[in-house]
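Residue-level listing of the chains:
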Amino acid sequence: MKTCFSASLMCADWLNMGRDLRILNQSCQMLHVDIMDGHFCKSLYLSPAFIASIRNATDLPIEAHLMVEHPEDFIEETARAGADYISVHAETIERQAFRLIDTIHALGCMAGVVLSPATPFSAVEPYLNRLDLVTVMTVDAGFAGQAFLPEMLPKIRQVSQWKRRSGQNYLVQADGAVNKNTYRALFQSGVDSYVLGSSGLFGLSGDLPAACEQMKAEFAAATREEG
Ligand code: DX5
Ligand code: ZN
């Protein structure tokens, strides 16, 4: 599967979003929009309205990462806003997982599920075959700038091995502290899609075009075969 770089727009320069989207359109394969309700995690960020406002400024697929306690209240609005992928947290859908995955598909979107660090692989196994995107959080949800959790690597391997063995086609994604220090381990564990936030993209030195070039060079160096 081709590598996907997904820019986490909560870490972007909101004052210059239009300009920055023109740059990201060239260097990334997906846009990642973190929607938080202040309850699921103690933080507030983007919204379906934000997705609607950027929809016409990009042809890249937009993923909505719903960090909300009641995703069923926001799925339809998020789909109408123009999201291509809607990702919900495994911890929030347990008793209605199949219904909500079906709802996302019925709205014409691709369905993703996200595992918080303390959520085991087994929580999503019953419905993995229905998913288009599986995200393993490599930090606790809700905040940029946290330290990478290496304990998540075996879980990423479980998600990617299950995909290989079953012949499924979902994207395996990592979110949180994805940067030059972690690319190699994530790549070797089977990640296809890399959510780039402050440490991997927007916090790199120089302007955004330079940061995109640096990010791509760092990824290439970290994942190059040796010998
Ligand atoms: C949460 C966000 C952030 C983002 C932050 O879902 O998408 O975790 O990755 O970037 P870092 O972790 O590099 O500060
Ligand atoms: Zn996210």
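So, how was this worked out
Residues numbered from 1 in each chain as written. Chains lettered and ligands numbered in written order. Predicted model: local features only at pLDDT ≥ 70, side-chain atom pairs only at ≥ 80, totals over all residues. Heavy atoms only, no water. Near = heavy atom within 4 Å. Polar contact = N/O pair within 3.5 Å; in protein donor to acceptor, adjacent residues only side chain to side chain. Areas by Shrake-Rupley, 256 points an atom, 1.4 Å probe, with all protein chains shown as cover. Helix = DSSP H or I, 4+ residues; strand = E, 2+ residues; numbered from the N terminus. Nonpolar A, V, L, I, M, F, W, Y, C, P; charged D, E, K, R; others polar. Buried < 20%, exposed > 50% of the residue type's maximum accessible area, 1.4 Å probe, protein only. Arc of directions from axis to C-beta. Contact = heavy atoms within 4.5 Å. Phe/Tyr/Trp six-rings, centres within 6.5 Å; stacked < 30°, edge-to-face > 60°.

Enquirer: It is not clear to me how the site of ligand 1 should be interpreted in this structure. Could you clarify?
Expert: By nearness alone, 16 residues border ligand 1, and Gly145, Asp175, Ala177, Ser198 and Ser199 come closest of all. The side chain of aspartate 34 places a nitrogen or oxygen atom 2.9 Å from an oxygen atom of ligand 1. At 3.4 Å, a side-chain N or O of histidine 65 approaches an oxygen atom of ligand 1. Look at ligand 1: alone it shows 370 Å² of surface, and the protein chains cover 99% of it. For the shell around ligand 1, the elements supplying multiple residues, two or more each, are β2 (30-36), β3 (62-67) and α8 (198-202). Across the shell around ligand 1, the residue classes break down as six nonpolar, eight polar and two charged.

Enquirer: In this structure, what is going on with helix α5 (residues 97-106)? I would like to understand it.
Expert: One turn of the α-helix equals 3.6 residues, which is why residues spaced by three or four share an orientation. When we look at burial in α5, the residues that qualify are Ala97, Leu100, Ile101 and Ile104. Looking down the long axis of α5, one finds its buried residues gathered within 100 degrees of arc, a one-sided arrangement. Seen from the open side of α5, the exposed residues pointing more than 90 degrees away from its buried face are Arg99 and Ala106. Those residues of α5 that are buried lie in contact with α3 (75-81), β4 (85-89), α4 (90-93) and β5 (110-115). Backbone geometry just after α5 places glycine 108 at a positive phi near 90 degrees.

Enquirer: What is the right way to read the packing of aromatic side chains from this model?
Expert: Within this structure, the stated rule accounts for nine aromatic pairs. Centroid distance tyrosine 183 to tyrosine 194: 6.1 Å. Interplanar angle 80 degrees. Geometry classified as edge-to-face. Of this pair, tyrosine 183 sits in helix α7 (residues 183-189) while tyrosine 194 is found in strand β8 (residues 193-196), placing the two residues 11 residues apart along the sequence. Both residues of the pair, tyrosine 183 and tyrosine 194, belong to the buried class. Ring centres of tyrosine 194 and phenylalanine 219 lie 4.9 Å apart, and the angle between their planes is 75 degrees; this geometry places the pair in the edge-to-face category. Of the two residues, tyrosine 194 sits in strand β8 while phenylalanine 219 sits in helix α9 (residues 208-223), which places them 25 residues apart along the sequence. Pair check on accessibility: tyrosine 194 and phenylalanine 219 agree, each one buried. Through a chain of ring-to-ring contacts, the aromatic side chains of Phe5, Tyr183, Phe187, Tyr194 and Phe219 assemble into a single cluster.

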